[in-house]
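Overview (structure and organization)
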Amino acid sequence: MLIYDLSHKLDSETQPYPGDPVFSCHQAANIKEHGYNLTSLTLGSHTGTHIDAPYHFLEKGKTIDELDLSLLIGPAAIVDVPSKKPRERITWDDLVRADVVGLLDGGCRILLVRTGWSRHWKSPTYLDHPFLDRGAAEKLVKLGVRVLGVDTMNPDETPDGSGAEGDFGVHEIILGADSMIVENLTGLEQLPGNHVHVSLLPLNIAYCDGSPIRAVAWIP
Ligand SMILES: [Zn+2]
């Protein structure tokens, strides 16, 4: 079976959300001295391709170890918004034009937004991604979306470094609906069509707000 990898490789150049812990790994043991290779990892809970649990924004929200895994494996719809400019808002009208209602018809609870912005990974432009309108997120929740995946750093606008506070409206709507957000997806362009199956499983980390995932897709 052909498996499509939707995850960025974690390496020393992994681009963090501004201010987040930086990924690093170093050899803690090696075959020559110890008889085996072993690596020490340092990373944040939102490093690379990862999932946000409701607890990321809600004190009483579900933590990573409490997520319903059945929501994270299964059919996913992909909605195309390929022509957005830096820091341009993705509106409900944009999604409707891309037939989001039809794509979700049939009970898809996972929606991936394919902007193509992952091509800017590891460049400053990656931070200037298009972002989803809060009202559009509200409508997606009403349509039954339980997992929102984006091929950008953030479904909300990422602060531009000017000191302005970020707005986390989409996070508040999606996580507030006991649903989940997957960020920093890559390789969505290689997926044929607008329906795939995906697996977006997190590590089983106690009381945590997020976790790196190995996101993959396949055609059943
Ligand atoms: Zn996150």
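Looking at an unreviewed UniProt entry, the chain carries the name Cyclase, with the source organism given as Phellinidium pouzarii. Recorded in UniProt under Sequence similarities (unreviewed entry), the annotation for the chain is "Belongs to the Cyclase 1 superfamily."

1. Comments concerning the coordination of the zinc ion
The coordination sphere of the zinc ion contains the protein donors His-46 (ND1), His-50 (NE2), Asp-52 (OD) and Glu-183 (OE), at a distance range of 2.0 to 2.3 Å. Between the four donor atoms coordinating the zinc ion, the angles at the centre fall across 72 to 163°, so the site counts as irregular. Counting gaps between the donor residues of the zinc ion yields the pattern H-x3-H-x1-D-x130-E. Here Glu-183 lies in strand 10 (residues 180-183) and Asp-52 lies in strand 4 (residues 50-52), a separation of 131 residues in the sequence. Side by side, Asp-52 and Glu-183 carry an identical accessibility label, which is buried.

2. A look at the pattern of salt bridges
Per the counting criterion, the structure on display carries 12 salt bridges. Lys-84 is the salt-bridge partner of Asp-94, the closest N and O atoms lying 2.7 Å from each other. Note that Asp-94 is positioned in helix 2 (residues 92-97) and Lys-84 in the loop between strand 5 (73-80) and strand 6 (89-90), a separation of 10 residues in sequence. Its salt-bridge partner being Arg-134, residue Glu-172 comes within 3.3 Å of it at the nearest N-O pair. With Glu-172 in helix 5 (residues 169-176) and Arg-134 in helix 4 (residues 134-142), this residue pair connects regions lying 38 residues apart in the sequence.

3. Some thoughts on the side chain of His-8
Relative to the helices and strands, His-8 is located in the loop between strand 1 (4-5) and strand 2 (24-29). Only 3.3 Å separates the side chain of His-8 from the side chain of Trp-121, close enough to count as a polar contact. With residues up to four places along the chain from it excluded, the contact list for His-8 reads Thr-49, Ser-118, Trp-121, Tyr-126, Asn-184, Leu-185 and Thr-186.

Rules of the game
Residues numbered from 1 in each chain as written. Predicted model: local features only at pLDDT ≥ 70, side-chain atom pairs only at ≥ 80, totals over all residues. Heavy atoms only, no water. UniProt positions renumbered as here; feature names shortened; annotations may be inferred. Donors = N, O, S within 2.8 Å, 3.2 Å for Na, K, Ca; no water. Tetrahedral: all angles 85-135°; square planar, octahedral: opposite > 155°, others 65-115°. Helix = DSSP H or I, 4+ residues; strand = E, 2+ residues; numbered from the N terminus. Buried < 20%, exposed > 50% of the residue type's maximum accessible area, 1.4 Å probe, protein only. Salt bridge = Lys/Arg side-chain N within 4 Å of Asp/Glu carboxyl O. Polar contact = N/O pair within 3.5 Å; in protein donor to acceptor, adjacent residues only side chain to side chain. Contact = heavy atoms within 4.5 Å.

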